[in-house]
Amino acid sequence: MKTSTRFFSWLVVCFMAVSIACLSLTGYRVKAAEFKTIEPGVLTVATSTGFPPFEYVGDDGKPDGFDVAFIKAIGEKLGLQVKVEDMEFNALVASVGNKTDVAIAGMTVTDERKLAVDFSDSYYDAVQYVLVRKGSNIRCMDDLHGATLAAQIGTTGNLLADDIVKENPQTVLKTYDRFPEAVNDLKAERVDAIILDKTPAQTFEGIYSGEIEAIPGDDFDFEVEEYAIALPKGSEQLGSAINKAIAELKSDGTYDRIINEYINADSGEKSNGIVDQFVSAFITSNRWTMYLNGLCLTIQIAFFAALVGIVVGTLLALMKIAKNRKGKRTILSFISGIYIDIVRGTPLVLQLLIMWFIVMKNSKDGVLVAVVAFGLNSAAYVAEIIRAGILAVDNGQMEAGRSMGFTRAQTMCHIILPQAVKNALPPLCNEFISLLKETAIVGYVALSDLTRVANQISSATYQPFVPLIGAAVIYFVVIKILTLLLGVLERRLRKGDIR
Ligand code: ARG
């Protein structure tokens, strides 16, 4: 085993080094404050991204935009640290006062919402616009009747669309959780018009200039709306402090500065040529570091999951082949058989979710949960690999071992297992390669691995091509390198210079 031991120690050391380099610790300091908030000293804010320029997923994968900058400025005035949570728009009102302290999401003040929440003073005037494909003949209200409309669920645009459908039942309304999906369907001719707020409509028009256009709400007689921050009902102290902060930010010029930064700035992200797309997907705001961190996380999870898989898998394999003195199968082999069956008979993504939401529901460490879930899954496959490796060792070896005075266990440990591991090495390496790719689903438990990073960047740049193909290339290169190393190992095994 000398050369192979060296080879593997080398691999292990490399992965350890990479993994350790990836572990970074971050900490926030919390300022004490006088307000009663869900988490002391912290203002927990709900928003709903996909509504540029008010809220969208920023370069670092976290919510950014006018509202986010504005509420952070307000938080600073109040002496509260601001924590932003991204959720679907129609979940916002319900979350205020229970999961979050306030919501800011370009939210229009409406009588209906006032039944459930209080509102701050308004901070922005808006109106609904209509977004259509370039060259569309939709120009006024009459044209919307009978068309296929789109709106975001629970928005004021949704209410206007409902009225149109009521008046003309031929009209079809499709509702979406987030606007970017609706815009995608507009471009793909799956819907004819989207009813959405003016500034986001203009932003989308800018992002996809030449493909879609925004028609002013005046042409449809839509009324003016006002945006405000939603607060828990009856929160006078917090409400008046926020109103005071808004007034101060308006008079000290901060409000205008944020408006200029987010709303009047031309959206620099727009890029059409492939080189521009590459620049915005990799170079702008050092996005390449996000892919790198994502890749590190992917490797880290796969590596530790593989360790768990090998240890548990070997145990399972030994259990499965265990026989009692009479040479009959034992309860151990039964248990291990059932485990392997269940793991192989259910989707990995479900196993991950069950681990995250049920089995380890108190763990906040997504990486740990992922390592356990992937490790236990991999164990089932590793068990079969090792079992096949053991069975491939000639039967006579056990007899030989026994006749030399070894016990069954000793023969297993010193004679059979080493050979079994040698047989199993190539498929074990393949298992590791599969693990690397399978970790692409950890986005489900809010981890930013390589796949999720690519997805985040594609929604930040509105250009999916380069980030998605780029991530595929990165996976491919890493796996190709591993496969080449594996090839070298296999050739040596076959030549017999590894024993
Ligand atoms: N102003 C509209 C409303 O209050 C739409 C807001 C949508 N906001 C969002 N973050 N998606 O209904």
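None of these values were measured; they are calculated from a predicted model.

### Quick look at the overall build of the protein chain
Looking only at helices and strands, the protein chain features 19 helices and 13 strands. In summary, the protein chain has a C-alpha radius of gyration of 29 Å against a globular reference of 23 Å for 499 residues, an excess of more than 25%. Seen along its three principal axes, the alpha-carbon backbone of the protein chain occupies a region of about 95 × 55 × 45 Å. In the protein chain, the proportion of contacts linking residues at least 24 apart, taken out of those at least 6 apart, comes to 75%.

### Some words on helix α2 (residues 66–78)
With 13 residues, α2 extends 18 Å between its outermost C-alpha atoms, agreeing within 8% with the 18 Å of an ideal straight helix rising 1.5 Å per residue. Of all 13 residues in α2, 10 are buried; the element is thus mostly enclosed. Those residues of α2 not exposed but buried are F66, D67, V68, A69, F70, I71, A73, I74, G75 and L78. If you follow the buried residues of α2, they end up packed against β1 (42–47), β3 (63–64), β4 (81–86), β5 (102–103), α9 (236–251) and α10 (254–264). A positive phi of about 75° marks G79, the residue just after α2.

### Observations concerning the site of the ligand
With respect to spatial proximity, 14 residues lie near the ligand, and among them T108, R113, Q152, T156 and D197 are the closest. Within the side chain of T108, one N or O atom sits 2.7 Å away from a nitrogen atom of the ligand. The contact in question runs from a nitrogen atom of the ligand to an N or O atom on the side chain of Q152, over 2.8 Å. In isolation the ligand has 340 Å² of accessible area, and contact with the protein removes 100% of it. Counted by class, the shell around the ligand contains five nonpolar, six polar and three charged residues.

### Section: the pattern of salt bridges
What the rule picks out here adds up to 14 salt bridges. Across the pair K77 and D252 runs a salt bridge, and its minimum N-O distance is 3.3 Å. In this pair, K77 sits in helix α2 while D252 sits in the loop between α9 and α10, placing the two residues 175 residues apart along the sequence. Note on D252: relative accessible area 42%, which makes it partly exposed. With a shortest N-O distance of 3.9 Å, K244 and E248 are connected by a salt bridge. With K244 and E248 both in helix α9, this residue pair falls four residues apart, about one helical turn. Using a relative accessible area of 30% as the deciding quantity, one classes E248 as partly exposed.

### A short note on the packing of aromatic side chains
Within this structure, the stated rule accounts for 17 aromatic pairs. A centroid spacing of 5.4 Å and a plane angle of 25° characterise the contact between F66 and F70, whose relative ring orientation is stacked. Of this pair, F66 and F70 both sit in helix α2, four residues apart, roughly one helical turn. Here the two residues F66 and F70 agree in accessibility, since each one is buried. Ring geometry for F282 versus Y291: centroids 4.3 Å apart, planes at 15°, classification stacked. Here the two residues F282 and Y291 agree in accessibility, since each one is buried. In textbook terms, an aromatic cluster arises when at least three aromatic residues are bridged by ring pairs, as seen for F51, F54, F66, F70, Y123, Y124, F179, Y227 and Y255. Its end group placed over the ring of Y255, K250 keeps NZ or CZ at 5.1 Å from the ring centre.

### Quick look at the pairing of strand β8 (residues 148–152)
Extensive coverage of β8 is indicated by the burial of five of its five residues. As defined by bridge partners, β8 adjoins strand β9 (residues 172–176) across five bridges and the pair is classed as parallel. Bridged to L149 within β9 is L173. Crossover handedness for the path β8 to helix α6 (residues 156–167) to β9: right-handed. Relative to strand β10 (residues 193–197), β8 is paired through two bridges, and the arrangement is parallel. Each residue of the ladder has a partner; that of L149, found in β10, is A193.

### Remarks on the environment of H414
Tracing the chain through its elements places H414 in helix α17 (residues 408–438). Among the residues examined, H414 registers a relative accessible area of 57% and is labelled exposed. Put simply, H414 and E490 are 76 residues apart on the chain and 23 Å apart in space, counted from C-alpha to C-alpha.

### A word on the pairing of strand β7 (residues 124–133)
With respect to burial, β7 is a largely interior element, nine of its 10 residues being buried. As judged from the four bridges shared by β7 and strand β12 (residues 224–227), these two strands associate in the antiparallel manner. For V127, the partnering residue across the bridge sits in β12 and is V224. Of the pairings in the sheet, the one linking β7 to strand β11 (residues 212–215) comprises four bridges and is antiparallel in character. Residue pairing in the sheet places L131 in a bridge with A214 of β11.

### Focus on the packing of helix α11 (residues 274–283) against helix α19 (residues 465–495)
At a minimum axis separation of 8 Å, α11 and α19 run at an interaxial angle of 70°. Classified by the angle between their axes, α11 and α19 sit roughly perpendicular to one another. α19 is crossed by α11, and the crossing has right-handed handedness. Of the residues in α19, those touching α11 at I274, Q277, F278, A281 and F282 are F465, V466, P467 and G470. For the contact of α11 with α19, the class distribution of residues is seven nonpolar, two polar and no charged.

### A word on the nonpolar core
Of all hydrophobic cores here, the largest spans 65 residues; its most connected members are F66, F70, I74, L131, F204 and I229. Look past the residues within four positions of I229 in its chain and what remains in contact with it is I71, I74, V102, A103, I104, D118, F119, S120, Y123, I242 and I246. Among the nonpolar cores identified, the runner-up in size contains 43 residues, and V371, V478, I479 and L486 belong to it.

Criteria and thresholds
Residues numbered from 1 in each chain as written. Predicted model: local features only at pLDDT ≥ 70, side-chain atom pairs only at ≥ 80, totals over all residues. Heavy atoms only, no water. Helix = DSSP H or I, 4+ residues; strand = E, 2+ residues; numbered from the N terminus. Rg over C-alpha atoms; globule rule 2.2 N^0.38 Å. Contact = heavy atoms within 4.5 Å. Expected span 1.5 Å × (residues − 1). Buried < 20%, exposed > 50% of the residue type's maximum accessible area, 1.4 Å probe, protein only. Near = heavy atom within 4 Å. Polar contact = N/O pair within 3.5 Å; in protein donor to acceptor, adjacent residues only side chain to side chain. Areas by Shrake-Rupley, 256 points an atom, 1.4 Å probe, with all protein chains shown as cover. Nonpolar A, V, L, I, M, F, W, Y, C, P; charged D, E, K, R; others polar. Salt bridge = Lys/Arg side-chain N within 4 Å of Asp/Glu carboxyl O. Phe/Tyr/Trp six-rings, centres within 6.5 Å; stacked < 30°, edge-to-face > 60°. Lys NZ or Arg CZ within 6 Å of the ring centre and 35° of its normal. Pairing = 2+ DSSP bridges. Right-handed = clockwise from strand over helix to strand, strands pointing away. Axes fitted to C-alpha atoms, helices over the stretch in contact; angles between N-to-C directions. Parallel < 35°, antiparallel > 145°, perpendicular 65-115°, else oblique. Left-handed = near helix turned anticlockwise from the far one by under 90°. Core = buried A, V, L, I, M, F, W, Y, C linked by side-chain atoms within 4.5 Å.

Fair warning: the whole summary comes from geometry, so function is off the table for now.
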